[in-house]
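# Per-entry structural report
Listed below, chain by chain, are the residues.
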There are 2 protein chains.
Amino acid sequence: MLYDLVIIGGGPAGITAGIYAVRKKLKTLVIAKDFFGQIAKTRQVDNWPGDLGISGIDLMKKMESHLKSLTSEILAGDKVVNVEKRKNSFLIKTQAGQELEGKAVLVATGRTEKKLGVPGEQELVGRGVSYCTICDAPFFQDKRVAVIGGGNSALGAALDLAKYASEVFILFKGQTMVADECLQGLIKVQPKIKVFLQKNIIAIDGQGKVESVSYQDNVSGNEEQIAVEGVFINIGTVPTVDFLAGLVRQNEGGEIEINPKNNATSQEGIFAAGDVTDSSWKQFVIAAGEGAKAALAAYNYLNKLEN
Amino acid sequence: MLYDLVIIGGGPAGITAGIYAVRKKLKTLVIAKDFFGQIAKTRQVDNWPGDLGISGIDLMKKMESHLKSLTSEILAGDKVVNVEKRKNSFLIKTQAGQELEGKAVLVATGRTEKKLGVPGEQELVGRGVSYCTICDAPFFQDKRVAVIGGGNSALGAALDLAKYASEVFILFKGQTMVADECLQGLIKVQPKIKVFLQKNIIAIDGQGKVESVSYQDNVSGNEEQIAVEGVFINIGTVPTVDFLAGLVRQNEGGEIEINPKNNATSQEGIFAAGDVTDSSWKQFVIAAGEGAKAALAAYNYLNKLEN
């Protein structure tokens, strides 16, 4: 099946691109691992104009149902593992083994939580290890949990977890937190939260479920262990671009470089929008606007191909 | 009163910019003639992600109330007539005689309906002359009306009016319509609508209210008149920039040239977003995204000023 446009990603950029492409009557396929995006982790969204205070999940559900009311050409729950350039098209391979072809491709895969890369982490995902506090915090009622990281998202996660957990340990490798003063102030007055600085995580331990975290103290060099049932990793995100295998130019941080005028990448026929790009601000409404722009630019590109 | 940022415009770009600026704790003033934007003329909006089928007016009302819930620093119902550069700020004068000062200015004034520029037009606005079909069509139940123009918006206006009016006359100066085939087809099968091509409007006539339209036939040169109670002018739009008096670089069409990366204009301290800019597509969600970008760019600019 040869599509005009294959959109990869189900966040605000991908969904908005899908709405625009379908309304332009492009033969469009949207491939989405899920319909979340980073926003779904936000308990309350106050800057999506018109819907003050909506939850990130509710906002994404509204967007998903909008897209689905316009098209059924959606491949959900699968993940793109490779994009290959052909003569006049691109071949897209998915994890489930599907092969799809598009005259143009729109990458809106957003960002992925960074992994710690320590033993036990991968094995215990969903068994105590989590990258999404808003999704998983309620499972840790009256339990001890660790939060790894020292930025805004880590401190926000700790505050969220304190509503459920009996104790929350923040473990951070730096000498000082790197979060907003205001969040640091809230952390200080929350008695359930304890902060441990200069700790490098060595391993997450447990048989079938998380039982403890092991870390080395940067100052003493001693190895220590703390018993917890949950580990929430919040050490930042990276753009989700591995499947492109160097097909487009990326900046130092791995973000796809785009022409901000029309969201074209260095590879003719590939467009990109949203948090996966090198745009200066990672914001929901900006990602949505970029999705629309990229779809309209792809439409113009496809029209030129025909003529 | 010296503001950090004065936002001019109450459409999707201005409102979104306002939401972002206020949340960034900038001392912000939003000056809005109204809270409409071009979208308010759209009966049904299908491409604002998450709100399939919402009316343009309802969408703008949601956005307006979002902004108003965050700030009361809004000057509504007034219009900026001049912006003047001072040493470290801009002086903004309004029609009602207010003078305001901002360290930075964000222009989101959108576009204005083109005027015909014929006698009677200005005098009879609101007395039969209208630039907004969706606002005014219901007042012309069982009446005869003229639509001036031959593009998509003119034909759409004629179709809307045919639901109310007894007869709709489309008067267009061109030899053929310039609207989508699909709209032209709908016009043909609507018996209430009659099309007159190659007619140049000379005047709109009437004492206190519209009574007729006078036009010259391009072919015969004859002057003719048609009795109508309403005249709906749909001959396109121009960017609303007159008040800037050459302070920023504009393209041939009068649109403000922006750096698409951060919505900066050629004038340091002035940012622009939405349909008033030279961005390639005039779309609601793109305007909203640009409003956010411009506000965040203004925030960075102001931070640098301080340091």
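Residues numbered from 1 in each chain as written. Chains lettered and ligands numbered in written order. Predicted model: local features only at pLDDT ≥ 70, side-chain atom pairs only at ≥ 80, totals over all residues. Heavy atoms only, no water.

## Some details on the sheet that holds strand 13 (residues 212-217) of chain B
Residues and elements named next belong to chain B.
- The strand order across the open sheet built from three strands is 12-13-14, with neighbouring strands paired in antiparallel fashion. The sheet is open, and its two edges are formed by strand 12 (199-205) and strand 14 (223-227), each paired on a single side. Mean inter-strand twist for the sheet, computed between neighbouring axes without regard to direction, equals 30 degrees.
- Of the strand pairs in this sheet, strand 13 and strand 14 are connected by five bridges, and their pairing is antiparallel. When the sheet's bridge partners are listed, serine 212 is paired in strand 14 with alanine 227. (Pairing = 2+ DSSP bridges. Helix = DSSP H or I, 4+ residues; strand = E, 2+ residues; numbered from the N terminus. Axes fitted to C-alpha atoms, helices over the stretch in contact; angles between N-to-C directions.)

## Some thoughts on unusual backbone geometry
All names here are of chain B.
- A positive phi angle, close to 60 degrees, is found at aspartate 142, a residue other than glycine.
- Looking at the secondary structure, you find aspartate 142 in the loop between helix 3 (133-136) and strand 9 (144-148).
- A relative accessible area of 58% places aspartate 142 in the exposed class.
- With a phi close to 55 degrees, glutamine 198 is a non-glycine residue in the positive phi region.
- Relative to the elements of secondary structure, glutamine 198 occurs in the loop between strand 11 (193-196) and strand 12. (Buried < 20%, exposed > 50% of the residue type's maximum accessible area, 1.4 Å probe, protein only.)

## Structural notes on the interface of chain A and chain B
- Each partner contributes residues to the interface: chain A has 33 residues there, and chain B has 33 residues.
- Buried surface at the junction of chain A and chain B, both sides included, amounts to about 3000 Å², of which 64% is carbon and sulfur.
- Taken as a group, Pro49, Lys261 and Trp281 of chain A account for 21% of the area that chain A buries against chain B, more than any other trio of residues on that side.
- Linking chain A with chain B are six salt bridges.
- With a shortest N-O distance of 3.1 Å, lysine 62 of chain B and aspartate 51 of chain A are connected by a salt bridge. (Contact = heavy atoms within 4.5 Å. Buried area = accessible area lost by both parts, 1.4 Å probe. Salt bridge = Lys/Arg side-chain N within 4 Å of Asp/Glu carboxyl O.)

## What about helix 2 (residues 56-70) of chain A?
Residue and element names in this part refer to chain A.
- The terminal C-alpha atoms of helix 2 lie 22 Å apart, and with 15 residues this matches the ideal 21 Å at 1.5 Å per residue to within 8%.
- By the burial criterion, the buried members of helix 2 are Gly56, Leu59, Met60, Met63, Glu64, His66 and Leu67. The buried residues of helix 2 occupy an angular sector of 155 degrees when the element is viewed end-on, so they sit on one face.
- Tucked into the core, helix 2 has its buried residues touching helix 1 (12-23), strand 2 (28-32), strand 3 (74-76) and helix 6 (284-306). (Expected span 1.5 Å × (residues − 1). Arc of directions from axis to C-beta.)

## Points about the sheet that holds strand 14 (residues 223-227) of chain A
Residue and element names in this part refer to chain A.
- Read from one edge to the other, the open sheet built from three strands follows the order 12-13-14, with strand pairing classed as antiparallel. Edge strands, defined here as strands with exactly one partner in the open sheet, are strand 12 (199-205) and strand 14. Each adjacent strand pair in this sheet contributes to an overall mean axis angle of 30 degrees, direction not counted.
- Pairing of strand 12 with strand 13 (residues 212-217) involves six bridges; the strand directions are antiparallel. When the bridges of strand 13 are listed, lysine 199 appears paired with aspartate 217.

## Topic: the packing of aromatic side chains
All names here are of chain B.
- Taken as a whole and judged by the stated rule, the model has nine aromatic pairs over all chains.
- Pairing tryptophan 48 with phenylalanine 284 gives two aromatic rings, centres 4.9 Å apart and planes at 85 degrees, and the pair type is edge-to-face. Placement of tryptophan 48 in the loop between strand 2 (28-32) and helix 2 (56-70) and of phenylalanine 284 in helix 6 (residues 284-306) is noted, with a sequence separation of 236 residues between them.
- On the basis of relative accessibility, which here comes to 0%, the residue tryptophan 48 falls in the buried class. (Phe/Tyr/Trp six-rings, centres within 6.5 Å; stacked < 30°, edge-to-face > 60°.)

## Remarks on helix 6 of chain B
- A rise of 1.5 Å per residue sets the reference length of helix 6 of chain B, with its 23 residues, at 33 Å; its end C-alpha atoms lie 33 Å apart and thus fit the reference within 8%.
- Among the 23 residues of helix 6 of chain B, 17 are classified as buried, and the element is accordingly described as predominantly covered.

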